[in-house]
Amino acid sequence: MNSTISPDFGTSHHIPILLEPIADFLIAGLRSLPSESPPGIIIDCTLGGGGHTARILEKMNEDPSLLKHCVLGIDQDPQAIARNLIKFEKEIQSKNLEVVHSSFSEAIQHLKGRPIYGLLADLGISSDQIDSETRGFSFRFPAPLDMRMNIHSGTPLRERLLTASETEISDWIWKYGEDRFSRKIARKIVEMRTQNRLPETTSALAEAIASVFPPPMRHKRMHPATQSFQAFRIMVNEELKELETLIEKVFPAVHTGGHLAILSFHSLEDRLVKTEFHDRDRYELPSRKAIQADDQEVEKNSRARSAKLRLAIKKT
């Protein structure tokens with residue numbers, strides 16, 4: 001991993017969503033194991049700000065019998081890794097936690113032969129990434145058009161927009177953002193590109209996108225560029241492909257009786273998880289419906305409003 005970290009990586013201020021239901025469910029999975037079970041792991045596939053992992057470790061420390069197991073925290077964002085290496089220095093030294101810079105679809109490569117007794121994936125984007133003034137995830141700042149979660153690999157958004165066809169851009173926006181103005185937005189981007197005026201910052205791109213919307217729609221609660229920015233982020237980071245790989249390669253490796261908790265933030269992700277978990281031959285569902293944050297949590301953290309948590313217990 002490249003040791004050069006952007007100066008804005010700082011201390012995480014990401015608020016974990018549905019913290020207690022997730023931690024309780026994963027700890028319950030450990031407690032349900034036979035006493036002779038070998039040491040295993042809970043994988044936090046999206047370590048992020050470390051909030052869920054911190055709570056899981058707290059609950060493990062409350063029951064000494066669980067400390068033979070450990071948490072494997074994975075994240076593809078090097079800034080998140082840097083923060084957590086500092087935050088969890090004591091837990092790493094005591095071998096209760098391992099922190100690995102990796103995409104979550106590659107989690108299986110870091111098992112070292114240990115069984116997976118629990119798996120957590122908090123999908124989407126963290127508040128730390130959104131609030132960064134240099135990463136390009138938000139149009140609140142005139143940031144470079146990047147949007148890569150792993151700043152050391154992949155292709156920044158602006159480079160993709162420089163070479164993509166109008167049809168490709170339109171398809172991204174429609175498929176991943178479900179924006180009905182996708183064709184007009186793509187046409188505007190290509191038009192600006194042919195005139196050598198393709199925006200270089202997120203705020204400029206957001207302004208260009210907003211310009212294709214009818215005036216009454218430009219000043220609503222949700223900014224006109226919101227769905228396009230979601231689509232671009234998903235495309236740049238191949239987020240749905242990552243989730244599909246996680247489901248196809250890592251889910252099958254979870255030990256029988258292992259607990260899985262997947263937190264998603266839009267329908268494309270949730271649909272993939274729901275379809276997988278409804279395979280009655282492979283999973284037992286504590287609840288057929290997704291768990292959502294209550295009004296009190298949403299009031300404290302508006303990002304929780306769109307979150308859907310699906311839980312499953314591995315049968316085979």
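Above this text is the structure in question.
Our subject in this report is the structure included herewith. (Residues numbered from 1 in each chain as written. Predicted model: local features only at pLDDT ≥ 70, side-chain atom pairs only at ≥ 80, totals over all residues. Heavy atoms only, no water.)

Take the overall build of the protein chain next. When helices and strands are tallied, the protein chain shows 13 helices and seven strands. Computed over its C-alpha atoms, the radius of gyration of the protein chain comes to 20 Å, within 12% of the 20 Å expected for a compact globule of 316 residues. Viewed in the frame of its principal axes, the protein chain has a C-alpha envelope of about 70 × 45 × 35 Å. Among the 316 residues that make up the protein chain, the fraction classed as buried is 54%. Contacts in the protein chain between residues far apart in sequence, at least 24 positions, make up 75% of those at least 6 positions apart. Averaging the positions of the 42 positive and the 43 negative side-chain charges in the protein chain gives two centres separated by 4 Å. (Helix = DSSP H or I, 4+ residues; strand = E, 2+ residues; numbered from the N terminus. Rg over C-alpha atoms; globule rule 2.2 N^0.38 Å. Buried < 20%, exposed > 50% of the residue type's maximum accessible area, 1.4 Å probe, protein only. Contact = heavy atoms within 4.5 Å. Lys, Arg positive; Asp, Glu negative; His and termini not counted. Charge placed at Lys NZ, Arg CZ, Asp CG, Glu CD.)

Glancing now at empty space enclosed by the protein. Counted by the stated rule, this structure contains two cavities of 30 Å³ or more. Here the largest cavity defines a volume of roughly 390 Å³. Taken together, 32 residues line the largest cavity, and the ones lying closest to its centre are Thr-46, Asp-75, Asp-122, Leu-123 and Gly-124. At four residues, helix H11 (residues 239-250) tops the list of elements feeding residues into the lining of the largest cavity. Counted by class, the lining of the largest cavity contains 10 nonpolar, 13 polar and nine charged residues. Looking at the second largest cavity, its volume works out to about 40 Å³. Counting residues per element, the ones that place at least two in the lining of the second largest cavity are helix H12 (267-277) and strand E7 (308-314). (1 Å grid on protein atoms, 1.4 Å probe; cavity = no way out; pocket = protein on both sides within 12 Å on 5 of 7 lines; lining within 4 Å. Points joined across faces, edges and corners; volume = space filled by probe spheres on them. Nonpolar A, V, L, I, M, F, W, Y, C, P; charged D, E, K, R; others polar.)

Moving on, we come to helix H8 (residues 182-194). Given a rise of 1.5 Å per residue, 13 residues ought to cover 18 Å, and the 18 Å separating the end C-alpha atoms of H8 matches this to within 8%. For H8, every residue scored as buried is listed here: Ser-182, Ile-185, Ala-186, Ile-189, Val-190, Met-192 and Arg-193. For H8, the arc enclosing every buried residue in end-on projection is 160°, short of the 170-degree limit, so these residues lie on one face. Of the residues in H8, the exposed ones pointing more than 90 degrees away from the buried face are Arg-183 and Thr-194. (Expected span 1.5 Å × (residues − 1). Arc of directions from axis to C-beta.)

Here we take up the pairing of strand E5 (residues 254-264). Among the 11 residues of E5, eight are classified as buried, and the element is accordingly described as predominantly covered. With six bridges joining them, strand E4 (residues 116-122) and E5 adopt parallel strand pairing. Of the residues in E5, the one forming a bridge with Asp-122 is Leu-263. (Pairing = 2+ DSSP bridges.)

Attention shifts here to the side chain of Arg-148. Here Arg-148 is to be found in the loop between helix H5 (127-130) and helix H6 (157-163). The exposure class of Arg-148 is buried, given its relative accessible area of 14%. Of the polar contacts made by the side chain of Arg-148, one reaches the side chain of Asp-146; its length is 2.7 Å. At 3.3 Å, the side chain of Arg-148 and the backbone oxygen of Ile-151 are in polar contact. Ignoring anything within four residues of it in the chain, the contact list for Arg-148 reads Arg-135, Phe-137, Ser-153, Gly-154, Thr-155, Pro-156, Val-236 and Asn-237. (Polar contact = N/O pair within 3.5 Å; in protein donor to acceptor, adjacent residues only side chain to side chain.)

Below, the discussion takes up the pattern of salt bridges. Summed over all chains, the structure comprises 13 salt bridges. Asp-63 serves as the salt-bridge partner of Arg-31, at 3.6 Å between the closest nitrogen and oxygen. Taken together, the positions of Arg-31 in helix H1 (residues 19-31) and Asp-63 in the loop between helix H2 (51-61) and strand E2 (70-75) put the pair 32 residues apart, joining distant regions of the chain. The salt bridge involving Glu-98 is made with Lys-112; its shortest N-O contact spans 4.0 Å. Of this pair, Glu-98 sits in strand E3 (residues 97-101) while Lys-112 sits in the loop between E3 and E4; the two residues are 14 residues apart in sequence, bridging distant segments of the chain. Residue classification places Glu-98 among the partly exposed positions, given a relative accessible area of 21%. (Salt bridge = Lys/Arg side-chain N within 4 Å of Asp/Glu carboxyl O.)

A contiguous patch of positive charge, built from Lys-274, Arg-280, Arg-288, Lys-308 and Lys-315, is present on the exposed surface. For Arg-280, a relative accessible area of 35% puts it in the partly exposed group. (Patch = residues over 30% accessible without salt bridge, like charges linked within 9 Å, V, L, I, M, F, W, Y side chains within 5 Å. Areas by Shrake-Rupley, 256 points an atom, 1.4 Å probe, with all protein chains shown as cover.)

Moving on, we come to the sheet that holds strand E6 (residues 283-284). Taking strand neighbours across the sheet as the criterion, the seven strands line up as E3-E2-E1-E4-E5-E7-E6 in an open arrangement whose pairing is mixed. Of all strands in the sheet, those with a lone pairing partner are E3 and E6, marking the two edges. Note that E5 and E7 share six bridges and pair antiparallel. Residue pairing for E7: Leu-263 is matched across the bridge by Leu-309. Here H1 sits on the sheet in contact with strand E1 (41-44), E4, E5 and E7, set at roughly 175° to E5. On the sheet, helix H3 (residues 78-87) packs against E2 and E3 and is oriented at approximately 155° with respect to E3. (Axes fitted to C-alpha atoms, helices over the stretch in contact; angles between N-to-C directions.)

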